[in-house]
Amino acid sequence: MSTVISVTRLIIVLLTIVLIIGGIVLSLVAIGTPAWQVVNITEFHTEHQHGLWLDCTIGRKHVQGSSDSSLHCTYKFENPTGENDPYNIQGTEEQHKFFKWHKAVLVFFVVSILTALISLCFTLCSPCVRICSVVANVLTLITVSLTTVAMVVYFINSHKVEVRFVHGITRTYEFDSSKLKDVKSHFGKY
């Protein structure tokens, strides 16, 4: 009976380790990708991807049966003019600014990754020292809480009007995670 309990504990510890490592990898990928908000601007034949710290534009050119794509990425914390002017933040478009909520989401994610790594260490020690499993569970709860707060902060702020809509020449485009769509133009029906 004792060996069955020991084997069950080891299986649970191994499953926990796999889940923690998977969560860390997913968090790192989420921080690294610019595809947090994606909009397809049809009048410019471009796709804009706005991430937490990185913005990318994919330009598409269609010339007689062939398709050519170009990728251009910029960091949100770069000042394009090269000056240290705090009021000129990454051009004039709202989507390219590095807002305080972007920084907050990044900080929450980084701290949650650090707590997940510490939790992983305690989980590895839990088969030998029983108190480590309690500490690992508490740290995992903190990790989940920090990640949840980061996602809630992002969700609330990304749905603000000044961030959610992109203005083209004749159309206004909206970021939408389920499908890309364009909103009625200010100039009437098109």
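Owing to the predicted nature of the structure, the values given are computational and were not obtained by experimental measurement. (Residues numbered from 1 in each chain as written. Predicted model: local features only at pLDDT ≥ 70, side-chain atom pairs only at ≥ 80, totals over all residues. Heavy atoms only, no water.)

To find the voids left in a structure, one rolls a probe of water-molecule size over its atoms. Of the volumes computed, that of the largest pocket is approximately 340 Å³. In terms of lining residues, the largest pocket is bounded by 15 residues, among which Arg9, Val13, Ser126, Pro127 and Ser133 are the most central. Every element with two or more residues in the lining of the largest pocket is listed here: helix 1 (2-32), helix 2 (100-125) and helix 3 (131-158). Considering every element that reaches the lining of the largest pocket, the biggest residue donor is helix 1, with six residues. Residue classes in the lining of the largest pocket are distributed as five nonpolar, eight polar and two charged. (1 Å grid on protein atoms, 1.4 Å probe; cavity = no way out; pocket = protein on both sides within 12 Å on 5 of 7 lines; lining within 4 Å. Points joined across faces, edges and corners; volume = space filled by probe spheres on them. Helix = DSSP H or I, 4+ residues; strand = E, 2+ residues; numbered from the N terminus. Nonpolar A, V, L, I, M, F, W, Y, C, P; charged D, E, K, R; others polar.)

The next point concerns the pairing of strand 2 (residues 46-50). With respect to burial, strand 2 is a largely interior element, five of its five residues being buried. Where strand 1 (residues 37-41) lies against strand 2, five bridges are found, and the strand directions are antiparallel. Opposite isoleucine 41, over in strand 2, you have threonine 46 as the bridge partner. (Buried < 20%, exposed > 50% of the residue type's maximum accessible area, 1.4 Å probe, protein only. Pairing = 2+ DSSP bridges.)

What follows covers the UniProt feature "transmembrane region" (unreviewed entry) in the chain. According to UniProt, the "transmembrane region" (unreviewed entry) feature falls on residues 12-36, 104-122 and 134-156. Spanning residues 12-36, this segment combines 84% helix with 0% strand, and its end C-alpha atoms are found 33 Å apart. With 100% helix and 0% strand, the stretch residues 104-122 has end C-alpha atoms that lie 27 Å from each other. (UniProt positions renumbered as here; feature names shortened; annotations may be inferred.)

What follows concerns the state of the cysteines. One covalent bond between the sulfur atoms of two cysteine residues makes up a disulfide. Across all of its chains, the model carries one disulfide by this definition. You can see cysteine 121 has no disulfide; the closest cysteine sulfur is in cysteine 125, sitting 7.1 Å from it. Taking the relative accessible area as the measure of exposure, cysteine 121 reaches 47% and is therefore partly exposed. Here cysteine 128 stays free of any disulfide, with the sulfur of cysteine 125 as its closest cysteine sulfur at 7.4 Å. By relative accessible area, cysteine 128 is classed as exposed at 73%. (Disulfide = S-S within 2.5 Å.)

Moving on: helix 3. Relative to the 40 Å expected for 28 residues at 1.5 Å per residue, helix 3 spans 41 Å between its end C-alpha atoms, a close match to the ideal helical length. Listing the buried residues of helix 3 in full gives Cys132, Ala136, Leu139, Thr143, Leu146, Ala150, Tyr154, Asn157 and Ser158. (Expected span 1.5 Å × (residues − 1).)

In this model, helix 2 (26 residues) spans 38 Å end to end at C-alpha, consistent with the 38 Å of a helix rising 1.5 Å per residue. Every buried residue of helix 2 is accounted for by Trp101, His102, Val105, Leu106, Phe109, Ser112, Ile113, Thr115, Ala116, Ser119, Leu120 and Thr123.

The geometry of helix 1 relative to helix 2 is characterised by a closest axis approach of 10 Å and an angle of 160° between their N-to-C directions. Between helix 1 and helix 2, the interaxial angle falls into the category roughly antiparallel. Like other packed secondary-structure pairs, helix 1 and helix 2 cross with a definite hand, here left-handed. Contact residues: helix 1 offers Val13, Thr16, Ile17, Ile20, Ile21, Ile24, Ser27, Leu28 and Ile31, while helix 2 offers Leu106, Phe109, Val110, Ile113, Ala116, Leu117, Ser119, Leu120, Thr123 and Leu124. (Axes fitted to C-alpha atoms, helices over the stretch in contact; angles between N-to-C directions. Parallel < 35°, antiparallel > 145°, perpendicular 65-115°, else oblique. Left-handed = near helix turned anticlockwise from the far one by under 90°. Contact = heavy atoms within 4.5 Å.)

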